[in-house]
Amino acid sequence: MKNILFAASECVPFIKTGGLADVVGSLPKDFDREKYDVRVVIPKYTCMKQEWKDRMEYVTHFYMDIAGQDQYVGVLKTVLNDITFYFIDNEHYFGGFAPYDGDPKWEIEKFAFFSKAVLSILPVIGFRPDLIHCHDWQTGLIPVYLDNFRYLGEYYRGIKTIMTIHNLKFQGVWDTKTVRGITGLPEYYFVPDKMEAYKDANLLKGGIVYADKVTTVSNSYAEEIKTPFYGEGLDGLMSARSGDLCGIVNGLDYEDWNPATDNRIAKSFTIDDFRKNKPVNKTSLQEELGLEKDPKVMLIGMVSRLTDQKGFDLVDYIMDELCQDAVQIVVLGTGDVKYENMFRHFAWKYSGRVSANIYYSDELSHRIYASCDTFLMPSLFEPCGLSQLMSLRYGTLPIVRETGGLKDTVEPYNEFEKTGTGFSFCNYNAHEMLNTIRYAERIYYDKKRDWNKIVERAMSQDFSWKNSARQYEDLYRSLIGE
Ligand code: ADP
Ligand code: GLC
């Protein structure tokens, strides 16, 4: 039996702001339980739902030095679906209204504390991982601290690490002097072939340099990040580490996201009865959101963080033109104020046809995936993307830009070969996107039989974790054996 510890800043069902939480919460369930004991450690945020906090039991506590101070480190745990989750408790760091509050220096201190704490709790929780699987910049310091901790004695030697990049845009960057002060790490680590990048300290870079293997969440993104356009300044490093870098596409929790059993939606449906039952969801959602009730109109959905990454400037550019067509649009998301207000504006201007829901709701997201005919995701870059996988699962055809994981998971419709599971366009161009949406409209309205065949193909895709979990197991095996 091999011990694996996932370390991350978010994880469903406890706390979620994006796809990272879905991955960290669902992937551990799909490993071979005979061979791997996979556990997860995340911060205990005050803003977690009370029902989850109530389930946590106290394990231990101690004090640890960080940012020149002695800080409380509490450890709690809970077991869910046979997986053990650990929570690191410190209200000074994790007491805010949300996991991230946008102050970069504070975020760095917070997650430096978390990363050091993850290693520090190991000897006292009775679980020594053979491998720590780190996710995103918030855990980038773990491989670095591990290198540093080797000098503390035998215990930490031989623990392997994997760094998975879910989004290279976020790296945890601040000036070297401050980060040295926070982390307490020696000057040795703050040089260009270690944690320093462009004169600053870069936590993700530290993780990438010191991890034994580096992965990202799709094959295309693994290639893209070796180029300047997608590399976010680290393309040289990604190329240098390309021998240890691979892409493993994300999967979905197929129990949680299942149109046949989903009790959050008005009417469950399957590949055999979606023609009859999927429209019931549409009219029910139209009623719920104050859209004109019409089972026939093409309903376009978006569920997303409202940021530049997701291509909303393209949407803004063509929204008036698109609203001349026979379509309805529903958005669920929060993020940049400019995009929040843009959607509020269009919902006011095209009342009854555009619905803007500027908040976070897991429940509503399920109903949107189930009810829409098509899902729009024109990302500028997309490491993997889970929303298009959720859409495919619910027979809602994705319209995507051909980038990263979107390119790897959505096969564009080919009307001659009768293949494909959605629609896609190549260039980051608003009218190329609009033309693709209009092409989808033509299929939807004029070739309904063909449309329904695409829905069947979409719904019969398998994006469960089955395949990808095996690939992670292979990677673990290459580092820690059987
Ligand atoms: P990213 O991680 O870049 O935000 P993904 O497509 O990988 O993009 O994952 C986004 C996840 O967050 C999906 O599960 C999506 O349904 C969910 N999500 C985003 N915004 C909201 C929201 N406002 N309410 C509910 N779920 C949301
Ligand atoms: C990031 C990426 C998204 C990916 C998710 C989970 O948030 O933006 O594309 O699906 O992580 O890996």
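These notes cover the structure that comes with them. (Residues numbered from 1 in each chain as written. Chains lettered and ligands numbered in written order. Predicted model: local features only at pLDDT ≥ 70, side-chain atom pairs only at ≥ 80, totals over all residues. Heavy atoms only, no water.)

Along the backbone of the chain there are 19 helices and 18 strands. Against the compact-globule benchmark of 23 Å for 482 residues, the chain has a radius of gyration of 23 Å, which places it among compact chains. Judged by the C-alpha coordinates and their principal axes, the chain covers about 70 × 45 × 40 Å. Within the chain, the fraction of its 482 residues that count as buried is 60%. (Helix = DSSP H or I, 4+ residues; strand = E, 2+ residues; numbered from the N terminus. Rg over C-alpha atoms; globule rule 2.2 N^0.38 Å. Buried < 20%, exposed > 50% of the residue type's maximum accessible area, 1.4 Å probe, protein only.)

Another aspect to go through is the sheet that holds strand S8 (residues 173-175). In spatial order, the strands read S8-S10-S9; together these three strands make up an open sheet with antiparallel pairing. Both outer strands of the open sheet, S8 and strand S9 (196-197), are each paired with one neighbouring strand and no more. As defined by bridge partners, S9 adjoins strand S10 (residues 200-202) across two bridges and the pair is classed as antiparallel. Bridge pairing links glutamate 196 to alanine 201 in S10. Helix-sheet contacts for helix H6 (residues 176-183) involve S8 and S10, and the interaxial angle to S8 is about 100°. (Pairing = 2+ DSSP bridges. Contact = heavy atoms within 4.5 Å. Axes fitted to C-alpha atoms, helices over the stretch in contact; angles between N-to-C directions.)

The volume enclosed by the second largest pocket comes to roughly 890 Å³. Taken together, 33 residues form the lining of the second largest pocket, with Val12, Pro13, Phe14, Lys16 and Asp362 sitting closest to its centre. Elements with a minimum of two residues in the lining of the second largest pocket: helix H1 (19-26), helix H2 (50-55) and helix H14 (362-371). Ranked by the residues each element gives to the lining of the second largest pocket, the list is headed by H1, at three residues. When residues of the lining of the second largest pocket are sorted by domain, at least three fall in each of domain 1 (2-251 + 466-480) and domain 2 (274-462). (1 Å grid on protein atoms, 1.4 Å probe; cavity = no way out; pocket = protein on both sides within 12 Å on 5 of 7 lines; lining within 4 Å. Points joined across faces, edges and corners; volume = space filled by probe spheres on them. Domains from an automatic or database assignment.)

It is worth spelling out the site of ligand 1 at this point. Ligand 1 sits among 22 residues. The nearest are Gly19, Arg305, Lys310, Tyr369 and Leu386. One nitrogen or oxygen atom from the main chain of tyrosine 359 is found 2.9 Å from a nitrogen atom belonging to ligand 1. With respect to ligand 1, the backbone of serine 361 contributes an N or O atom lying 3.1 Å from a nitrogen atom. Protein contacts shield 94% of the accessible area of ligand 1, which totals 560 Å² for the unbound molecule. Taken together, the elements giving at least two residues each to the shell around ligand 1 come down to H1, strand S13 (298-306), strand S14 (327-335), H14 and helix H15 (387-393). Of the residues that constitute the shell around ligand 1, the class distribution is eight nonpolar, nine polar and five charged. Counting only domains with at least three residues in the shell around ligand 1, you end up with domain 1 (2-251 + 466-480) and domain 2 (274-462). (Near = heavy atom within 4 Å. Polar contact = N/O pair within 3.5 Å; in protein donor to acceptor, adjacent residues only side chain to side chain. Areas by Shrake-Rupley, 256 points an atom, 1.4 Å probe, with all protein chains shown as cover. Nonpolar A, V, L, I, M, F, W, Y, C, P; charged D, E, K, R; others polar.)

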